[in-house]
Amino acid sequence: MIPRAAILQPALVTALAVALAGCGFSERVEEFGGPAQGSTYSVKYVSTASAPDKAALKAEVEAIFSEVDEQMSTYRDDSLIEQFNRAPAGTCMPMPEGVLTLVQTGDELHRDSGGAFDLTLEPLLDLWGFGPRGNGERQVPDGEALKEVRGRIGQQHLHIEGDRLCKDLDLQVDFNSIAAGYTVDRIIERLVERGVRSYLVEATGELKAVGRKPDGQPWRIALEAPRDDQRTIQRVIELDGYGISTSGDYRNYFEEQGVRYSHTLDPQTAAPIQHTLAAVTVAAPSTLMADGLSTVLLVLGPEKGYAYAEREGIAAFFVTREGDGFVTRSTATFEQLFAAGGKQ
């Protein structure tokens, strides 16, 4: 599973939205952003005479980030989820609607993917050196330590009773694989409540766009090649009504005895993925679901992931290593949505 906070993000999705100012339009594109969730965020929206004040809107958006952080961050000891994580097996704690929504989404993804998605991998991430509570040493753990940690993970041991989150084992929950997508959806709800109808919202690489810019042009984004030595655009797509999430395994990893170990862990093996899928982009009406599904497909790999996406009608774009380069392929649903965007 891929931590979204306090690490480098896969920079595979880039917004190609430019603010229009002084172009004669009665409407204009406003923009604000800043640091968030260990990375950054940006909001671009079409402002009209009746639109809310930009400073006030920014304050409301940043209040959402603060709320999510207080409830769900594994990088602060006083968050609600960290209080739950420190509690012993058999604990039930009242939780706000947002936390319960993420657990329910995690349950759905876990069930539908046959276990490829799991919210309880934090101890495993720590053991491999990728988690917030690790000792900072990234190395292959010994068998005994791995066996002990595997006894403390499992989405099936996490459940909801009314408004309470409960755990049967000494579990630790990590929302970093879906929290950014959830946050984007929350921000969009606020924008719509405030009368904004056309926007592009991005948080730590997850984004969603709706509507068109004042000149009638769509919001466009670029899907970049999974490289850390240069930025190369693979495809440009026009986005209206869909959230986009890219998961990749190429920026956060270590090598030991000639083997490359990604920070993307397979819950079934309790080890980093070992296939050739470098990155996968998913489009879905819910940014939260796009975020989770991109993790699922990355864990499943180029063949099983592609077959799963086709079977479930998921709009997905796969980038697979082949020799010294990459090959790409899209699901039928992705091509139906974005054929007009063209390839670069």
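Note: the structure precedes this text.
These numbers were taken from a predicted model, which means no experiment stands behind them.

Student: Teacher, can you tell me more about the state of the cysteines here?
Tutor: Here, disulfide denotes a covalent bond that connects the sulfur atoms of two cysteines. A complete count under the given rule lists one disulfide for this structure. Here Cys 92 connects covalently by a disulfide to Cys 166, the sulfurs 2.0 Å from one another. Taking the torsion about the sulfur-sulfur bond, which here is approximately 115°, the covalent link between Cys 92 and Cys 166 counts as right-handed. Within this pair, whereas Cys 92 is found in strand E4 (residues 92–94), its partner Cys 166 is found in strand E6 (residues 164–167), the two being separated by 74 residues in sequence.

Student: Quick question: what am I supposed to make of the sheet that holds strand E17 (residues 315–322) here?
Tutor: The antiparallel open sheet is built from eight strands, whose spatial order is E2-E3-E7-E8-E11-E16-E17-E18. Edge strands, defined here as strands with exactly one partner in the open sheet, are strand E2 (28–36) and strand E18 (325–330). Across the sheet, the mean angle from the axis of one strand to that of its neighbour is 15°, orientation sign disregarded. Bridge count between strand E3 (residues 39–47) and strand E7 (residues 199–203): five bridges; the pairing is antiparallel. For Lys 44, the partnering residue across the bridge sits in E7 and is Leu 200.

Student: Would you explain the sheet that holds E4 in this entry?
Tutor: Note: strands within a sheet are paired through backbone hydrogen bonds, in either parallel or antiparallel orientation. Pairing within the open sheet is antiparallel, and its three strands lie in the order E4-E6-E5. Two strands bound the open sheet, and with one partner strand each, they are E4 and strand E5 (158–161). For this sheet, the mean inter-axis angle between neighbouring strands, taken without regard to orientation, is 25°. Strands in contact with helix H3 (residues 97–112) are E5 and E6; relative to E5, the strand with the most contacts, it is inclined by about 130°.

Student: Please clarify how the pairing of strand E16 (residues 277–284) should be interpreted in this entry.
Tutor: Looking along a regular strand, one sees side chains alternate from face to face of the sheet. Most of E16 sits inside the fold, with eight of its eight residues counted as buried. Where strand E11 (residues 242–248) lies against E16, six bridges are found, and the strand directions are antiparallel. Looking across to E16, one finds that Ser 245 is bridged to Val 282. Here E16 pairs with E17 via six bridges, running antiparallel. When the bridges of E17 are listed, Ala 279 appears paired with Val 319.

Student: Before we go on, may I ask you to explain the pattern of salt bridges in this structure?
Tutor: Oppositely charged side chains may form a pair once their charged atoms are brought near each other. The full count for this structure, using the stated rule, is 16 salt bridges. Here Asp 112 and Arg 111 are joined by a salt bridge, their closest N and O atoms 3.4 Å apart. Among the salt bridges present, the one from Arg 235 reaches Glu 335, with a minimum N-O distance of 2.8 Å. With Arg 235 in strand E10 (residues 233–239) and Glu 335 in helix H8 (residues 332–338), this residue pair connects regions lying 100 residues apart in the sequence.

Student: Can you walk me through helix H1 (residues 54–72) in this structure?
Tutor: The periodicity of an α-helix, 3.6 residues per turn, causes residues three or four places apart in sequence to face the same way. Across its 19 residues, H1 extends 27 Å between first and last C-alpha, which sits within 8% of the 27 Å expected from 1.5 Å per residue. Those residues of H1 not exposed but buried are Leu 57, Val 61, Ile 64, Phe 65, Val 68, Gln 71 and Met 72. When H1 is viewed along its axis, its buried side chains cluster within an angular range of 140° and face the same direction. Each element contacted by the buried residues of H1 is listed here: E2, E3, helix H2 (80–86), H3, helix H6 (179–193) and E7. Put simply, Asp 53 is the residue that caps the front of H1, since its side-chain oxygen is 3.1 Å from the backbone nitrogen of Ala 55.

Criteria and thresholds
- Residues numbered from 1 in each chain as written.
- Predicted model: local features only at pLDDT ≥ 70, side-chain atom pairs only at ≥ 80, totals over all residues.
- Heavy atoms only, no water.
- Disulfide = S-S within 2.5 Å.
- Helix = DSSP H or I, 4+ residues; strand = E, 2+ residues; numbered from the N terminus.
- Pairing = 2+ DSSP bridges.
- Axes fitted to C-alpha atoms, helices over the stretch in contact; angles between N-to-C directions.
- Contact = heavy atoms within 4.5 Å.
- Buried < 20%, exposed > 50% of the residue type's maximum accessible area, 1.4 Å probe, protein only.
- Salt bridge = Lys/Arg side-chain N within 4 Å of Asp/Glu carboxyl O.
- Expected span 1.5 Å × (residues − 1).
- Arc of directions from axis to C-beta.
- Polar contact = N/O pair within 3.5 Å; in protein donor to acceptor, adjacent residues only side chain to side chain.

Structural measurements only, silent on function.
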